[in-house]
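Structure at a glance
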Amino acid sequence: MHNKSITELAKSLRSGEFSSVELTQAFLDRINQHSALNAYITVTEERALEQAQQADVRLAAGDAELLTGIPFAQKDIFCTQNVKTSCGSKMLDNFIAPYNATVVEKFNQAGAVMLGKLNMDEFAMGSSNETSYYGAVRNPWDTNTVPGGSSGGSAAAVAAKLAVCATGTDTGGSIRQPAALCGITGLKPTYGRVSRYGMIAYASSLDQGGPMTRSAEDAAIMLQTMAGFDEKDSTSVDLPVPDYRIGLTNSLEGLKIGLPKEFFGEGLNSDVAATLEAAINEYRKLGATVTEISMPSFKLAIPAYYVIAPAECSANLSRFDGVRFGYRCENPVDLTDLYTRSRGEGFGKEVKRRILMGTYALSTGYYDAYYIKAQKIRRVISEDFKKALSEVDVIMGPVTPSTAFGIGEKIANPVEMYLSDIYTIAINLAGVPAMSIPAGFANNLPVGLQIIGNYFAEAKLLNIAHLYQQVTDWHTQSPKGFE
Ligand code: GLN
């Protein structure tokens, strides 16, 4: 049953083939059996079985939605009432959230069953899931490689079928990059489409939650539940949520695809490039036309991001001071000692690096030189996307420069690690939506194809992804040992 899609599961639950309790137990058993992947930080077994029981009651009463009774998992960045919410950090190792994130509330209302909280890079800072206080996550396709990050636990769990689907968050690539490295489908919605209330903030102007699933159809179902205006999030956008499933099979005849020449140049692994070429050919067969475009600002995205994201994180993470909540050092001698040691002992190395970079960039004297300049670059990048997306319907390209790299391979070299998001970061700076879909393999490891659309074009992206998944079977393949 763990191989079924959400709609197939919904059917089985309604026909009585199995109950949500049975389905949930099957997933809990798999989580146990594959605990070596380290995908979960917390497994909420008892709570899951209770939710499953309630779902079975709803199903029997004929009052169920598509997600009712479906076992999924939350990235441990979403606050879940009465459940530990660690954000992958020692700082929040003792934090039991007193309230639910809006996204969590929405899944509860839909009657979905939460299996637990998924591992992630500390405060979502990382591209390999190696900065987690709870240890590295392993990629089920090759357990010596990383699953990507920061939503590495989510990607590994979905790929290994330790959950039907999962939530992720994406500040600079954290849904798409791990989705690509683990061979699953991931969607970063338009900034403001999904509420950030109760989603622990990293860089507030970039963070966006979204679905991580095996298929585009499942992603459409999840996004339907996640999207929508929330008065508790002042940056959430008050626009109607379309039906994301209704246009999934729309024809792609005449679709205009743009390939930025900057995305296919130096730095892209040649096997990955060849795999993507084959994927783009499938789109030609589906009736699309492909043209080369240019995104001249592309190379400025990483430097601008690594000023803006740390600047915002240095402000957001100032609340973790050992006083209000979170980790507190032992026997402080005075207040300064309490702050210094609580933060010094509670945060990991990468988080400290970001706080230092951000504080520096925001300091008097450097603010204009770094922060303001980065914001100007951000504007130029947005303009580049606007221009490109007025000429073509969607942009396609790689998600990552290579397939999954080895655990330990890049962790000592932050700049090299930062470069693994080179194709994803500009999208967050512009705020447009983008997907990663499984597009084949290079050296036996999954390759993701990125599809970037205009603001609020999620339905179009899902349609484009879904049709590809009707003529290819990359998204249905299983890592060995996880069939
Ligand atoms: N790898 C990028 C970073 O560390 C993006 C992470 C993310 O999207 N949360 O900032």
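Take the overall build of the protein chain next. Scanning the protein chain for helices and strands turns up 15 helices and eleven strands. C-alpha atoms of the protein chain, sized along the principal axes, occupy 65 × 55 × 45 Å. Looking at the protein chain residue by residue over its 483 residues, the buried ones come to 61%. As displayed, the protein chain offers around 18,000 Å² of accessible surface, 51% of which is attributable to carbon and sulfur atoms.

Turning our eyes to something else, we now look at the site of the ligand. Of all residues adjacent to the ligand, which total 15 residues, the nearest are Gly172, Ser174, Tyr202, Tyr305 and Asp421. Between the ligand and the protein, one listed contact pairs a nitrogen atom with a side-chain N or O atom of Ser150 at 3.5 Å. One of the side-chain N or O atoms of Tyr202 is found 2.6 Å from an oxygen atom in the ligand. In isolation the ligand has 290 Å² of accessible area, and contact with the protein removes 100% of it. For the shell around the ligand, the per-class residue count stands at five nonpolar, seven polar and three charged.

Okay, a nonpolar patch on the surface next. A cluster of nonpolar side chains, Val323, Leu335 and Tyr339, forms an exposed patch at the surface whose accessible area comes to about 260 Å². Within the secondary structure, Leu335 sits in helix H10 (residues 335–346).

Core analysis: the largest hydrophobic core is formed by 148 residues, its most contacted members being Tyr40, Phe123, Tyr283, Phe385, Met396, Leu449 and Ile451. Each residue touching Tyr283, except ones within four places of it in the same chain, is listed here: Leu252, Ile257, Ala288, Met396, Ile437, Leu449, Ile451, Ile464, Ala465 and Tyr468.

With respect to burial, strand E10 (residues 434–442) is a largely interior element, eight of its nine residues being buried. Relative to E10, strand E5 (residues 185–188) runs antiparallel, the two sharing three bridges. By the bridge assignment, Lys188 is partnered in E10 with Ala434. Here E10 pairs with strand E11 (residues 445–452) via seven bridges, running antiparallel. Bridged to Ile437 within E11 is Leu449. Taking the residues between adjacent antiparallel strands as the criterion, E10 and E11 are bridged by two residues, where Asn443 takes a positive phi near 50 degrees.

So, on to the packing of aromatic side chains. Scanning all chains against the criterion turns up 20 aromatic pairs. Look at Tyr283 and Tyr468: their rings are 5.4 Å apart centre to centre, the planes differ by 15 degrees, and that puts the pair in the stacked class. Linking Tyr283 in helix H8 (residues 270–285) with Tyr468 in helix H15 (residues 458–471), this pair joins segments that are 185 residues apart in sequence. Its relative accessible area of 1% is what places Tyr468 among the buried residues. Their ring planes at 75 degrees and their centres at 4.8 Å tell us that Tyr305 and Tyr306 sit as a pair that is edge-to-face. Judged by its relative accessible area of 11%, Tyr306 is buried. Counting every residue linked through ring pairs, the aromatic cluster contains Phe95, Phe123, Phe320, Phe325 and Phe347. Its end group placed over the ring of Tyr327, Lys90 keeps NZ or CZ at 4.9 Å from the ring centre.

Let us now look at helix H3 (residues 45–60). Because an α-helix completes one turn every 3.6 residues, residues spaced three or four positions apart along the sequence face the same direction. The first and last C-alpha atoms of H3 sit 23 Å apart over 16 residues, in line with the 22 Å expected at 1.5 Å per residue. All buried positions along H3 are accounted for by Ala48, Gln51, Ala52, Ala55, Arg58 and Leu59. The buried residues of H3 all sit within an arc of 115 degrees when viewed along its axis, so they share a single face. H3 presents Glu46, Gln54, Val57 and Ala60 as exposed residues on the side facing more than 90 degrees away from its buried surface. Summarising the contacts, the buried residues of H3 are in contact with helix H1 (6–15), helix H2 (20–33), helix H4 (102–110) and strand E3 (113–118). Just downstream of H3 lies Gly62, where phi reads positive at about 75 degrees.

On the surface, Asp29, Glu45, Glu46 and Glu50 cluster together into a patch of negative charge. Here the negative patch takes three residues from H3, the largest share from any one element. With respect to the helices, strands and loops of the structure, Glu45 is situated in helix H3.

Next up on the list: the pattern of salt bridges. Using the criterion set out here, one finds 16 salt bridges in the structure. A salt bridge links Glu282 to Lys285; the shortest N-O distance between them is 3.2 Å. Of this pair, Glu282 and Lys285 both sit in helix H8, three residues apart, which is roughly one turn of the helix. The closest approach of N and O atoms between Arg353 and Glu350, which form a salt bridge, is 2.9 Å. In this pair, Arg353 and Glu350 both sit in helix H11 (residues 349–362), three residues apart, roughly one turn of the helix.

Here Glu130 is to be found in the loop between E3 and helix H5 (152–159). One buried charged residue, Glu130, remains without a salt bridge, the closest side chain of opposite sign being Arg138 at 9.1 Å. Looking at Glu130, its side chain comes within polar contact range of the main-chain nitrogen of Gly408, at 2.6 Å. Apart from residues lying up to four places away in sequence, Glu130 is in contact with Asp121, Ala136, Val146, Ile407, Gly408, Ile411 and Met417.

Below, the discussion takes up unusual backbone geometry. Phi is mostly negative for residues that are not glycine, and the peptide bonds are mostly trans. Looking along the chain, the bond that leaves Gly149 and enters Ser150 is cis, with omega of 5 degrees. Its identity as a non-glycine residue notwithstanding, Asn38 has a phi of 65 degrees, on the positive side. Tracing the chain through its elements places Asn38 in the loop between H2 and strand E1 (40–43). Given a relative accessible area of 23%, Asn38 falls into the partly exposed group. Despite not being glycine, Cys87 has its phi angle at roughly 55 degrees, a positive value. Tracing the backbone shows Cys87 in the loop between strand E2 (71–75) and H4. Its relative accessible area of 1% is what places Cys87 among the buried residues.

Procedures and definitions
Residues numbered from 1 in each chain as written. Predicted model: local features only at pLDDT ≥ 70, side-chain atom pairs only at ≥ 80, totals over all residues. Heavy atoms only, no water. Helix = DSSP H or I, 4+ residues; strand = E, 2+ residues; numbered from the N terminus. Buried < 20%, exposed > 50% of the residue type's maximum accessible area, 1.4 Å probe, protein only. Areas by Shrake-Rupley, 256 points an atom, 1.4 Å probe, with all protein chains shown as cover. Near = heavy atom within 4 Å. Polar contact = N/O pair within 3.5 Å; in protein donor to acceptor, adjacent residues only side chain to side chain. Nonpolar A, V, L, I, M, F, W, Y, C, P; charged D, E, K, R; others polar. Patch = residues over 30% accessible without salt bridge, like charges linked within 9 Å, V, L, I, M, F, W, Y side chains within 5 Å. Salt bridge = Lys/Arg side-chain N within 4 Å of Asp/Glu carboxyl O. Core = buried A, V, L, I, M, F, W, Y, C linked by side-chain atoms within 4.5 Å. Contact = heavy atoms within 4.5 Å. Pairing = 2+ DSSP bridges. Phe/Tyr/Trp six-rings, centres within 6.5 Å; stacked < 30°, edge-to-face > 60°. Lys NZ or Arg CZ within 6 Å of the ring centre and 35° of its normal. Expected span 1.5 Å × (residues − 1). Arc of directions from axis to C-beta. Lys, Arg positive; Asp, Glu negative; His and termini not counted. Charge placed at Lys NZ, Arg CZ, Asp CG, Glu CD.

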